[in-house]
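Survey of secondary and tertiary structure
So you can see what is in the structure, the chains are spelled out below.
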Amino acid sequence: MTAEGTDLVRTPSHRLVILGRQGAGKGTQCERLSHHYGIPHISTGDMLRSAVAAGTELGRRAKAIMEAGDLVPDSLMQEIVAERLSQPDAAQGFLLDGFPRTEAQAQFLDDYLAPRALDLVINIEVPDEVVIARMLARGRADDTEEAICRRLELYEKETAPLIHFYRDKGILVSVDGYGSPDEVEQRLIEVIDSHVS
Ligand code: ADP
């Protein structure tokens, strides 16, 4: 097959970021989308929780920060994400969940990916009362009411501005996160397929 022929059958690249407040259903939907598109689900929250469970140096540094609902320092997060994105399974695409969470992280990601770029950033939107009910229901160890409030507050302050950052780049789409997991998944797939080619 010629180089051009190879190009024609190339599968679309899916370098995706999922934004959404805690409890928006990001984790559940990322698992499904990862399976659907055959790309890794990279959840910084899951990576940090595994590090805490394994008692690694990173875990020891992150534990108290996570329990308080605060943010782990950008430099540390950037190092972890760069290492993960450099692995071969992320070469054709990935779903980032929980990163970037600050404008500095978003800028870092752009620089890291250059000359390539993200294909799409999806913002899953859900109303306040749904978010709080879902978070209390899942009962994770770091889901105390105080930590939940702190994380929602930090989301508004640090992460919500990323919506503007990506909107300005013309790669942001919003999806309604209300409904059953199947309904939301269908909506996400339609949006991704219509934007990513
Ligand atoms: P949630 O889904 O509850 O928002 P995550 O599972 O994504 O939370 O992350 C859990 C915790 O891990 C966060 O509250 C924060 O302390 C830390 N964390 C995860 N990702 C990042 C990041 N990109 N920057 C800073 N801290 C992070």
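Above this note sits the structure.
Notes on the structure in this doc start here. Here the structure is a predicted model, which is why all the values come from computation and not from measurement.

The rules behind these values
Residues numbered from 1 in each chain as written. Predicted model: local features only at pLDDT ≥ 70, side-chain atom pairs only at ≥ 80, totals over all residues. Heavy atoms only, no water. Helix = DSSP H or I, 4+ residues; strand = E, 2+ residues; numbered from the N terminus. Buried < 20%, exposed > 50% of the residue type's maximum accessible area, 1.4 Å probe, protein only. Contact = heavy atoms within 4.5 Å. Phe/Tyr/Trp six-rings, centres within 6.5 Å; stacked < 30°, edge-to-face > 60°. Axes fitted to C-alpha atoms, helices over the stretch in contact; angles between N-to-C directions. Parallel < 35°, antiparallel > 145°, perpendicular 65-115°, else oblique. Left-handed = near helix turned anticlockwise from the far one by under 90°. Nonpolar A, V, L, I, M, F, W, Y, C, P; charged D, E, K, R; others polar. Near = heavy atom within 4 Å. Polar contact = N/O pair within 3.5 Å; in protein donor to acceptor, adjacent residues only side chain to side chain. Areas by Shrake-Rupley, 256 points an atom, 1.4 Å probe, with all protein chains shown as cover. Core = buried A, V, L, I, M, F, W, Y, C linked by side-chain atoms within 4.5 Å. Arc of directions from axis to C-beta.

Moving on, we come to the environment of threonine 159. Considering the arrangement of structural elements, one finds threonine 159 in helix α8 (residues 145-159). Residue classification places threonine 159 among the buried positions, given a relative accessible area of 3%. In sequence terms threonine 159 and leucine 76 are 83 residues apart; their C-alpha atoms lie 17 Å from each other. Apart from residues lying up to four places away in sequence, threonine 159 is in contact with Leu19, Pro100, Arg101 and Leu154.

Let us look at the packing of aromatic side chains. Applying the stated criterion across every chain, the model contains two aromatic pairs. Between phenylalanine 108 and tyrosine 112, the aromatic rings sit 6.1 Å apart at their centres with planes inclined by 25 degrees, giving stacked as the arrangement. Placement of the pair is phenylalanine 108 and tyrosine 112 together in helix α6 (residues 103-113), with a separation of four residues, close to one helical turn. Under the relative-accessibility criterion, tyrosine 112 is labelled partly exposed at 33%.

The next point concerns the packing of helix α2 (residues 26-37) against helix α10 (residues 181-195). Packing of α2 against α10 leaves a shortest axis separation of 10 Å and a crossing angle of 50 degrees. In terms of axis orientation, α2 runs oblique to α10. Crossing geometry of α2 relative to α10 is assigned as right-handed. Contacts from Thr28, Gln29, Arg32, Leu33, His36 and Tyr37 in α2 reach Pro181, Asp182, Val184, Glu185, Leu188, Ile189, Ile192 and Asp193 in α10. Of the residues in the contact of α2 with α10, the class split is seven nonpolar, three polar and four charged.

Turning next to the environment of leucine 16. Relative to the helices and strands, leucine 16 is located in strand β1 (residues 14-19). When its relative accessible area of 0% is taken as the criterion, leucine 16 is described as buried. Spatially, the C-alpha atoms of leucine 16 and isoleucine 192 are 9.1 Å apart, while their sequence positions differ by 176 residues.

The full set close to the ligand counts 17 residues, and Gln22, Thr44, Asp70, Arg101 and Arg151 are the nearest of them. Within the side chain of arginine 49, one N or O atom sits 2.9 Å away from an oxygen atom of the ligand. The separation between an oxygen atom of the ligand and a polar side-chain atom of arginine 151 is 3.3 Å. Coverage of the ligand by the protein chains reaches 97% of its 550 Å² of free accessible surface. Class assignment for the residues of the shell around the ligand results in six nonpolar, five polar and six charged.

Leu19, Phe94, Leu96, Leu109, Leu118, Val121 and Tyr166 are the most contacted members of the largest nonpolar core, which totals 28 residues. Listed by contribution, the elements that provide at least two residues to this core are β1, α4 (57-67), α5 (74-85), β3 (93-97), α6 and α9 (161-168). Once residues within four sequence positions are removed from consideration, leucine 19 is found in contact with Lys26, Pro100, Val121, Ile122, Asn123, Ile124, Tyr155, Thr159, Leu162, Ile163, Tyr166 and Leu172. Counting residues in hydrophobic clusters, the runner-up holds 24 residues, among them Leu16, Tyr37, Ile189 and Val196.

Before going further, it helps to examine helix α3 (residues 44-54). When we look at burial in α3, the residues that qualify are Thr44, Gly45, Leu48 and Ala51. With its buried residues spanning 125 degrees around the axis, α3 presents them on a single face. Seen from the open side of α3, the exposed residues pointing more than 90 degrees away from its buried face are Ala53 and Ala54. Those residues of α3 hidden inside the fold are in contact with β2 (41-43), α4, α5 and β3. Positioned one or two residues after α3, glycine 55 has a phi angle of 65 degrees, which is positive.

Another aspect to go through is the environment of alanine 104. Examined against the element boundaries, alanine 104 turns out to sit in helix α6. When sequence neighbours within four positions are dropped, the list of residues in contact with alanine 104 reads Asp74 and Gln78.

All we've got here are geometric facts, nothing functional implied.
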